[in-house]
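Here is how the chains run, residue by residue.
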Amino acid sequence: MSAITEKVTELAEPIVKRHGCELWDVEYVKEAGDWYLRVYIDREDGVSIDHCEAVSRDLDPILDEHENLIPGSYTFEVSSAGAERQLRRPSDFPPFIGRYVEISLYQSKNGQKAFFGNLLSYKDGDIELDEAGIHHHFKKSEIAGVWLRISMNNE
């Protein structure tokens, strides 16, 4: 996590909680030559546009008060973490054990770079996956990313 995302996380956390949401992630990325600061929020019963607007409205002036935090111009966005969110931190995984995920690998394994199935376990970055009855084990060093995915079998 960069110094910018760490500080924005610290500033955003109490505001997000005040609006009955959970801070899922903060990212500061360059896309097509422009910088974006994105705050992703979650809520057990779903995030509405009203939640995003309220958090944005309260957080924006606080970010402006810390004008030296982010150099130059950027686009600020607050949005839902989404149903097909990326799982990044160790704490992201336990609530989604048993859920349908996609695992993307850095290099092919058995001729595949992407695997889809139910998340069986997560331990120290290693993942066990059930892909239609076939169990796979992936080491942390092999995994490029993990995303929740919508499946006909999962909600």
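Here the structure is shown first, and the text comes after it.
In short, a report on the structure. A quick note: this is a predicted structure, and the numbers were derived from the prediction, not measured. (Residues numbered from 1 in each chain as written. Predicted model: local features only at pLDDT ≥ 70, side-chain atom pairs only at ≥ 80, totals over all residues. Heavy atoms only, no water.)

**Here's the deal with the packing of aromatic side chains**
Okay, so step 1: A full pass over the atoms with the stated rule returns five aromatic pairs.
Okay, so step 2: Consider the rings of Trp 24 and Phe 96, whose centres lie 6.2 Å apart with planes at 75°: the pair is edge-to-face. Here the residue Trp 24 occupies a position in strand E1 (residues 22-31), and Phe 96 occupies one in the loop between strand E4 (86-87) and strand E5 (100-109), the gap between them amounting to 72 residues.
Okay, so step 3: Owing to a relative accessible area of 8%, Trp 24 belongs among the buried residues under this scheme. (Phe/Tyr/Trp six-rings, centres within 6.5 Å; stacked < 30°, edge-to-face > 60°. Helix = DSSP H or I, 4+ residues; strand = E, 2+ residues; numbered from the N terminus. Buried < 20%, exposed > 50% of the residue type's maximum accessible area, 1.4 Å probe, protein only.)

**Observations concerning the environment of Tyr 100**
Okay, so step 1: Counting through the fold element by element, Tyr 100 comes out in strand E5.
Okay, so step 2: In sequence terms Tyr 100 and Gly 117 are 17 residues apart; their C-alpha atoms lie 5.2 Å from each other.

**Points about the sheet that holds strand E3 (residues 75-80)**
Okay, so step 1: Sheet architecture is open: three strands sit in the order E1-E2-E3, paired in mixed fashion. Each having just a single partner strand, E1 and E3 make up the two edges of the open sheet. Here the average twist between neighbouring strands, direction ignored, is 20°.
Okay, so step 2: Note that strand E2 (residues 34-42) and E3 share six bridges and pair parallel. (Pairing = 2+ DSSP bridges. Axes fitted to C-alpha atoms, helices over the stretch in contact; angles between N-to-C directions.)

**Considering the side chain of Asp 92**
Okay, so step 1: Tracing the sequence through the fold places Asp 92 in the loop between E4 and E5.
Okay, so step 2: Apart from the residues lying within four places of it in its own chain, the contact partners of Asp 92 are Trp 24, Gln 86 and Leu 87. (Contact = heavy atoms within 4.5 Å.)

**Quick word on the pattern of salt bridges**
Okay, so step 1: Under the definition given, this model contains 15 salt bridges.
Okay, so step 2: Two residues, Asp 25 and Arg 88, come together in a salt bridge whose shortest N-O distance is 2.2 Å. With Asp 25 in strand E1 and Arg 88 in the loop between E4 and E5, the pair connects residues that are 63 residues apart, well separated along the chain.
Okay, so step 3: Given a relative accessible area of 10%, Asp 25 falls into the buried group.
Okay, so step 4: Measuring nitrogen to oxygen at the nearest pair gives 2.9 Å for the salt bridge that ties Glu 31 to Arg 38.
Okay, so step 5: Overall, Glu 31 belongs to the partly exposed group, its relative accessible area being 35%.
Okay, so step 6: Note on Arg 38: relative accessible area 11%, which makes it buried. (Salt bridge = Lys/Arg side-chain N within 4 Å of Asp/Glu carboxyl O.)

**Let's talk about the environment of Glu 44**
Okay, so step 1: As for its placement among the helices and strands, Glu 44 is situated in the loop between E2 and helix H2 (49-65).
Okay, so step 2: Classification of Glu 44 as exposed rests on a relative accessible area of 87%.
Okay, so step 3: Each C-alpha atom, one on Glu 44 and one on Gly 20, is 9.5 Å from the other, the two residues being 24 residues apart in sequence.

**Observations concerning the sheet that holds strand E9 (residues 143-148)**
Okay, so step 1: Overall, antiparallel pairing links the six strands, which are arranged E4-E9-E5-E6-E7-E8 in an open sheet. Every interior strand has two partners, whereas the edge strands, E4 and strand E8 (134-138), have only one.
Okay, so step 2: As paired strands, E4 and E9 are joined by two bridges and run antiparallel to one another. Within the sheet, the bridge partner assigned to Leu 87 lies in E9 and is Val 146.

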